[in-house]
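# What the coordinates show
Letter by letter, the chains look like this.
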Amino acid sequence: HRNVIVGCAQMGPIAKADTRARVVKRQVELLREAKGRGVEFVVFPELAFTTFFPRWLIEDQTEIDFYFETEMPGPETQPLFEAAAELGIGFYIGYAELAVEDGLRRHFNTSIIVDRTGAIVGKYRKIHLPGHAEPVPGRDAQHLEKRYFEPGNLGFPVWRTLGGIAGMCICNDRRWPETYRVMALQGAEIVFVGYNTPDDHTGVFDFDQLTGFHHQLSLQAGAYQNATWVAAAAKAGNEEGSNMIGLSMIVAPSGQIATMATTTGDELISARCDLEMGALYKRTIFDFARHREPAHYGLIVER
Ligand code: ING
């Protein structure tokens with residue numbers, strides 16, 4: 001057994017007016033609760049320092065860039081890293097990244113893994129951006145991630161940490177089987193994911209009423225079909241008039257739900273994750289080397 005106590009720090013709404021300092025205070029509270037429960041690693045949501053701003057059409061680039069971090073940690077986010085290191089807890093957190101590369105200002109929807117000493121172990125940039133680049137007429141809430149972010153350029157890496165192999169992704173990525181498979185082919189034993197999932201994505205009720213089901217289905221299928229743990233943390237609740245689902249959860253390689261949030265506010269869930277659990281699945285039903293036939297899968301990468 002290689003047991004790790006993992007927590008998901010679900011966060012309730014972050015208002016447009018909320019300062020990063022106030023948000024970080026809530027995150028530190030969740031870390032302290034995690035310490036009390038013996039948690040060794042905490043998953044925070046996607047875009048965890050600000051409100052989910054892609055719900056709005058924002059024309060002024062300066063106003064857009066207000067939601068981005070130019071350094072990580074920066075002065076306002078450093079207290080989170082300090083508290084985590086003081087408590088000896090590692091964490092995943094998502095944020096809007098403004099990176100200057102080759103003189104170009106580049107905007108990514110990013111997540112990082114930070115170890116228990118406060119050092120950044122790895123970075124991921126969201127590859128599957130949902131929604132649109134232009135506002136959809138007639139919608140009060142938009143979904144403009146394709147307007148504000150570029151697709152990630154770092155692939156789906158995995159890292160040795162927590163005594164095992166961990167990967168990460170962000171929100172919409174969790175709906176695409178390729179996401180988990182690419183990490184599982186690299187040996188991932190646990191995948192961390194943060195999300196902001198409004199319950200009116202299409203405005204078609206028969207679709208939107210299944211938002212929670214589709215969220216659970218995506219995580220449980222991804223975990224089982226790739227024999228990996230999945231630990232997912234929501235930014236939830238009614239945020240600036242937009243209702244976002246909670247249902248943060250930790251899913252075992254069996255596809256079973258080990259624990260699930262029962263509120264749509266700040267809530268810590270935790271579970272003992274045996275990173276060895278996937279091994280039996282990978283020796284039997286999902287022994288990739290013995291059972292997969294990549295020669296027949298070409299269409300997946302050709303189109
Ligand atoms: N949000 C949502 C997600 O993929 C969405 C978009 C909402 C898709 C509801 C389908 C249904 O979970 C982000 N940020 O990707």
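First, a word on what this report is: a plain description of the structure on this page.

So, on to the side chain of T110. For T110, the position within the fold is in strand β4 (residues 104–114). Overall, the relative accessible area of 0% leaves T110 in the buried class. Setting aside residues up to four positions removed in sequence, T110 forms contacts with I93, G94, Y95, E97, K123, Y124, R125 and I170.

With respect to burial, strand β9 (residues 229–235) is a largely interior element, seven of its seven residues being buried. Side chains W229, A231, A233 and K235 project from β9 onto one buried face, and the interleaved V230, A232 and A234 project onto a second face that is buried too. The pairing of strand β8 (residues 190–196) with β9 spans seven bridges and is parallel. By the bridge assignment, F192 is partnered in β9 with A231. Bridge count between β9 and strand β12 (residues 249–251): three bridges; the pairing is antiparallel. Its bridge partner lying in β12, A232 is registered against M249.

This part covers the pattern of salt bridges. Tallied over the full model, the rule gives 21 salt bridges. With a closest N to O distance of 2.6 Å, E239 and R55 form a salt bridge. Taken together, the positions of E239 in strand β10 (residues 237–239) and R55 in the loop between β2 (41–43) and α2 (61–65) put the pair 184 residues apart, joining distant regions of the chain. Note on accessibility: E239 and R55 belong to one class, buried. Each of the salt bridges in this network shares a partner with another, and the network as a whole consists of E97, E101, R106, K123, R125 and E150.

Attention now goes to the site of the ligand. Around the ligand, a shell composed of 14 residues is seen, among which E145, C171, N172, R175 and T197 lie nearest. Within the side chain of E46, an N or O atom sits 3.3 Å from a nitrogen atom of the ligand. Within the side chain of E145, a nitrogen or oxygen atom sits 2.8 Å from a nitrogen atom of the ligand. The protein chains hide 97% of the 370 Å² of surface that the ligand would expose on its own.

Here A133 shows up in the loop between β5 (120–125) and α4 (145–148). According to the relative accessible area criterion, A133 is partly exposed, its value standing at 32%. In this structure, the C-alpha to C-alpha distance between A133 and M260, residues 127 residues apart in sequence, is 33 Å.

Calculation rules
- Residue positions are given per chain, counting from 1 as you read along its sequence in written order.
- Totals for whole chains, interfaces and linings use all residues, but because this is a predicted model, local features are given only for residues with pLDDT of at least 70 and pairs of side-chain atoms are given and counted only at 80 or more.
- In computing side-chain values, all of the structure's heavy atoms are included and hydrogens and water are not.
- Helix and strand assignments follow DSSP, with helices taken as H or I runs no shorter than four residues and strands as E runs no shorter than two, numbered in order from the N terminus.
- A simple rule labels every residue: compare its accessible area, found with a 1.4 Å probe on the protein chains alone, to the largest value its type can have, and call it buried under 20%, exposed over 50%, or partly exposed in between.
- Throughout, a residue-residue contact means that at least one pair of heavy atoms, one from each residue, lies within 4.5 Å.
- Note on pairing: two strands pair once DSSP finds at least 2 bridges between them.
- Every case where a carboxyl oxygen of Asp or Glu lies within 4 Å of a side-chain nitrogen of Lys or Arg is listed as a salt bridge.
- Here a residue is considered near a molecule or strand provided that any single heavy atom belonging to it is located within 4 Å of it.
- In protein, a polar contact means a hydrogen-donor-capable atom and an acceptor-capable atom, both N or O and within 3.5 Å, with residues adjacent in sequence counting only if both atoms are side-chain atoms; elsewhere, any N or O pair within 3.5 Å suffices.
- The Shrake-Rupley method, run with a 1.4 Å probe sphere, supplies the accessible areas, and residue values consider only the shown protein chains as cover.

Limitation: the analysis is restricted to geometry and does not speak to function.
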